[in-house]
Amino acid sequence: MYNALNDHQKQQASLYVLDALTENEQSKFELELTENEFLQNYVRELESTLDISSIGEMLVPNEIELQSQRNLLRANLDAMALKKSKLSPGILYQIKIWIQTPTPAWVNLASVSVAFIFGLLIVKSHESPEKNKPTINIKEILKSGQFGQIKFADNGLHDNHIRFAVESKQDLELSGSMDDELVTDLLFYLLLHDQNPGKRLKAVKLLQNTQPAQETKMVLISALLTDSNPGIRLKSIRLLSTYKPGKIIQDACMKVLLEDENEAVRLSAMDIMEKAPTASMIPALQVVSVLDKNDFIRDRAQDLLRHFSMDVPNPRLEINS
Amino acid sequence: MENNIKSLILEAQRGNTEAFHELVSFYDERVMILALQLTRDKQDAEDLYQEVFMKAFKAIESFRLESEFFTWLYRITVNSFYNLQRKASRIQQQESLDPEKESTHNIADETMSTSEKSEIRSAVSKALSQLPTQQKTVFVMKHYEGMKIREISNILDISDGSVKRYLFRAMEKLRPVLKEYRYV
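Predicted model, so just to flag it, every value in this text is computed and none were measured. (Residues numbered from 1 in each chain as written. Chains lettered and ligands numbered in written order. Predicted model: local features only at pLDDT ≥ 70, side-chain atom pairs only at ≥ 80, totals over all residues.)

**A few points about unusual backbone geometry**
Residues apart from glycine generally show negative phi values, whereas peptide bonds are mostly found in trans.
Okay, so step 1: Its identity is not glycine, yet Asp19(A) carries a phi of approximately 60 degrees, on the positive side.
Okay, so step 2: Examined against the element boundaries, Asp19(A) turns out to sit in the loop between α1 (7-17) and α2 (23-35).
Okay, so step 3: Since 13 C-beta atoms lie within 10 Å of it, Asp19(A) is described here as partly exposed.
Okay, so step 4: Residues other than glycine seldom take positive phi values, yet Arg40(B) does so here, at roughly 55 degrees. (Helix = DSSP H or I, 4+ residues; strand = E, 2+ residues; numbered from the N terminus. Buried ≥ 20, exposed ≤ 12 C-beta atoms within 10 Å, placed from the backbone.)

Structure representation (structure tokens):
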């Protein structure tokens with residue numbers, strides 16, 4: 001039927017129905033169309049082909065589906081960032097050589113170690129508790145050192161109470177309010193000692209519901225510097241960011257900024273350091289501004305260094321005391 | 001380019017993942033629609049979506065602000081689709097898949113009101129799946145996405161003439177296949 005049409009005419013007809021001709025081409029084609037009956041039939045057939053194919057158009061994805069894809073993407077990118085962020089041992093070695101802190105290194109190390117030991121002591125203090133509220137059975141279990149048997153009951157948090165289940169001969173359940181000292185101490189213990197990262201993460205998450213306290217701060221610093229799980233370190237440092245950035249926190253942040261393999265943790269350390277910059281940060285920032293694998297962290301370190309050069313002619317003087 | 005988008009791109013290029021996620025939420029619906037049109041399969045479209053944005057995240061430093069961000073994303077989408085098609089065709093060759101299997105891909109939405117529509121949709125999907133990848137891509141971009149020839153040629157990095165030829169060939173193949181549904 002369409003043998004009377006050549007390929008050029010057919011192509012122009014296809015482009016015409018698809019609205020893909022230029023104005024000139026369209027005028028020319030329409031002129032030809034009025035005179036050619038075969039071409040008119042051909043165009044009609046093409047138009048109906050397009051009409052039919054429009055029925056086959058896929059529906060628009062709904063917002064819930066898109067949101068679930070966004071969440072999945074977020075998880076994929078986080079996993080990718082974790083893989084990428086490891087500093088090579090060579091760079092770490094260079095960092096150690098290049099770093100020249102105005103404060104002697106042993107002072108930094110000592111303050112961080114004190115924080116760590118203090119955190120441990122807090123937990124050990126269960127050995128002689130003088131608490132009236134919890135049952136005697138819990139105390140006995142604590143004394144006997146069967147800490148590994150402590151779990152979170154249900155989701156851990158219920159009606160503003162933190163609930164623990166203790167697997168023992170009695171299968172106890174313990175619940176206490178946020179300001180209950182035994183509860184916070186149990187959270188400290190789980191965060192610092194439990195083998196299960198899920199429980200450690202739950203513990204640090206629940207700690208954010210408790211009142212900020214010196215003891216909590218020390219435990220969080222310990223977790224930040226020692227936990228092998230980046231999620232727990234990240235949660236710890238974010239919780240630490242709610243505290244006034246004193247010297248111990250700043251020292252821990254410097255160590256994290258230089259050594260932690262996780263970019264998100266290092267970024268959080270940078271957030272805290274930016275709140276109250278001191279001149280003692282300069283050497284660490286100089287190293288990070290050059291060596292960090294993450295451009296954004298390098299840029300922020302450079303920005304902070306610029307802040308020092310503008311405001312502090314003598315880098316050995318602290319801006320905020 | 002809007003200033004807001006531009007600043008998000010700059011932030012994302014500095015490694016700010018939140019800025020990148022914000023960019024994703026601006027553009028992902030259009031990417032998903034294109035992915036659905038190209039793959040005609042929800043699961044494949046979701047895989048394509050993830051691949052596109054993972055690639056975009058890795059390569060965002062190389063994006064130059066003078067071009068359109070969406071055009072760039074489109075190009076990644078189409079290239080990723082080509083890669084998927086190549087992989088699929090290799091697997092098909094290796095496993096000697098039943099050619100009927102393609103038609104079992106469930107692209108028909110459950111909410112379709114009539115069986116006729118469902119039948120037509122299935123036929124269109126089948127017809128599109130039988131087109132060579134480039135013809136299908138160009139047809140989808142023109143007919144479903146309403147893009148201009150110049151935009152398509154820019155994204156696919158081919159000449160305007162090639163785009164027109166692919167369109168023509170696609171139409172030539174679809175016309176007889178869909179002819180029987182003309183009066184439904």
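Resuming the write-up.
**Description of the interface of chain B and chain A**
Okay, so step 1: Taken together, the contact pairs 39 residues of chain B with 32 residues of chain A.
Okay, so step 2: If you list the elements that add at least two residues to the side of chain B that touches chain A, you get α2 (17-39), α3 (42-59), α5 (115-129), α6 (133-144) and α8 (160-178) of chain B.
Okay, so step 3: When residues of the side of chain B that touches chain A are assigned to their parent elements, the largest contribution, ten residues, is made by α2(B).
Okay, so step 4: Looking at the side of chain B that touches chain A residue by residue, the classes come out as 19 nonpolar, nine polar and eleven charged. (Contact = placed C-beta atoms within 7 Å. Nonpolar A, V, L, I, M, F, W, Y, C, P; charged D, E, K, R; others polar.)

**Section: helix α1 (residues 3-13) of chain B**
All names here are of chain B.
Okay, so step 1: By the burial criterion, the buried members of α1 are Leu8, Ile9 and Ala12. For α1, the angular spread of the buried residues around the axis is 100 degrees, confining them to a single face. Among the exposed residues of α1, those oriented more than 90 degrees off its buried face are Asn3, Lys6 and Ser7.
Okay, so step 2: A positive phi of about 100 degrees marks Gly15, the residue just after α1. (Arc of directions from axis to C-beta.)

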